[in-house]
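# Breakdown of the fold
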Amino acid sequence: LKLSTAAWIAVYMLVSSLMLIVNKLVIHNLGAPSIILLCQLATTAFAVKIGSIIGILTLDPPSLHHAATFSIVAFAFLSTIFTNIKTLQYANVETFIIFRACTPLALCVLDYIFLGRHLPGPRSALCLLLLGAGAAGYVVSDKSFEVKGYFWVGCWFMVFLFDMIFLKHAADNIKVKSNWTRVFYSNALPCIPLSILGMGTGETKKMDLNRWNVSLLLLSCAMGLAMSYVSWQARSLISSTAFSIVGNVCKFLTITINCIIWDNHASPQGLACLSVCLVAAFFYKQAPLRDDYAAGGGTGKSKSKTGSETELTREPLHVTPRVHKNAP
């Protein structure tokens with residue numbers, strides 16, 4: 001499908017903004033987050049496999065090495081998505097977004113420790129302080145405060161930090177012919193433990209599979225597949241910085257849509273604090289690589305044909321929160 005760059009970005013923003021709302025609706029109606037997630041992941045993995053069979057996309061040949069290596073990736077991905085869904089089950093959409101907007105507070109330190117970047121400069125430090133202040137203000141004004149909801153969003157926060165750091169490491173070091181291989185393994189491998197979890201918790205007995213709820217479930221699966229496709233397409237057309245900025249704009253669209261169709265949203269004071277956090281995240285500038293790391297083994301060096309050393313370029317780590325391809 002041939003579209004302009006602007007058209008692909010518009011499609012991505014629409015799908016990304018609606019994905020969180022649809023997941024909130026389907027979780028609220030069905031109350032079976034493990035089964036919902038299983039359906040979304042299985043649909044994406046099945047569609048990617050069928051696409052490779054009919055030749056419209058490329059997958060690496062089946063490999064035990066890839067399966068073993070991607071097991072940790074799948075575990076991190078599954079943990080992030082599962083805690084994400086549990087958060088949406090017990091907390092409102094803005095609670096999730098506010099914590100997501102604050103992830104750079106911790107990521108900048110982890111980025112410095114593990115990925116060789118400088119600590120934030122003055123402007124970025126100010127943005128981080130505003131993020132913290134906005135998050136604190138939101139918690140104070142949260143009209144639907146629920147301890148269980150904050151427990152799950154705290155779990156998500158910790159898992160998400162690991163996910164961001166480890167998946168960046170995996171993307172740099174796990175060699176594959178196509179990004180669809182990463183999509184396939186990260187969606188297919190978690191299906192077995194999710195099946196066991198869903199059956200063990202008795203979620204299938206709690207599901208109300210009326211026509212409306214089944215339609216919502218199918219819609220969430222279709223949007224999960226669409227999100228996987230358009231996010232990779234959009235990422236290939238714009239820089240990583242531009243992609244992060246688009247992700248922030250998607251959050252504003254999500255809040256707007258949520259306020260229109262959902263009655264469980266934050267107070268005006270909470271929305272003001274949320275806006276402060278998102279604006280601060282927008283102006284946060286990612287720190288560059290440290291000179292000692294860039295010149296040493298952090299980025300690695302390769303020999304050119306003439307024998308001279310050429311420094312390899314690394315994709316900067318996204319420290320601005322973004323919506324996962326399959327995630328709500």
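A quick note: this is a predicted structure, and the numbers were derived from the prediction, not measured.

Two numbers describe a pair of aromatic rings. These are the distance of the centres and the angle of the planes. Inspection of the entire model under this criterion finds four aromatic pairs. Ring geometry for W156 against F160: centres 4.8 Å apart, planes inclined by 25°, an arrangement best described as stacked. Separated by four residues within a single helix, W156 and F160 lie in helix α7 (residues 147–173), roughly one turn from each other. Take W156: its relative accessible area is 0%, and that puts it in the buried class. Take F160: its relative accessible area is 6%, and that puts it in the buried class. Taken together, the ring pairs connect F70, F184 and Y185 into an aromatic cluster.

Residue placement: S178 occurs in the loop between α7 and α8 (179–188). Look at S178 and you get buried, because its relative accessible area is 12%. Polar side-chain contacts of S178 include one of 3.0 Å to the backbone oxygen of T58. Apart from the residues within four sequence positions on either side, S178 is in contact with T58 and D60.

This part takes up the nonpolar core. In this structure, V26, L37 and L131 are the most contacted members of the largest nonpolar core, which totals 51 residues. Those residues in contact with V26, other than ones at most four positions away along the chain, are G31, I36, L216, L217 and S220. In terms of nonpolar packing, the next biggest core, distinct from the first, is built from 14 residues, V48, L57, L59 and F166 among them.

Quick look at the confidence of the model for the protein chain now. With 75% of its residues at a pLDDT of at least 70, the protein chain reaches an overall mean of 75. Predicted confidence in the protein chain is weakest over strand β2 (residues 309–311), with a mean pLDDT of 33, and strongest over helix α2 (residues 33–53), with 90. Residue range residues 299–328 is modelled with pLDDT below 50. Its contacts to residues more than four positions away, or to other chains, number 107 contacts.

Parameters and conventions
Residues numbered from 1 in each chain as written. Predicted model: local features only at pLDDT ≥ 70, side-chain atom pairs only at ≥ 80, totals over all residues. Heavy atoms only, no water. Phe/Tyr/Trp six-rings, centres within 6.5 Å; stacked < 30°, edge-to-face > 60°. Helix = DSSP H or I, 4+ residues; strand = E, 2+ residues; numbered from the N terminus. Buried < 20%, exposed > 50% of the residue type's maximum accessible area, 1.4 Å probe, protein only. Polar contact = N/O pair within 3.5 Å; in protein donor to acceptor, adjacent residues only side chain to side chain. Contact = heavy atoms within 4.5 Å. Core = buried A, V, L, I, M, F, W, Y, C linked by side-chain atoms within 4.5 Å. pLDDT = per-residue confidence, 0-100.

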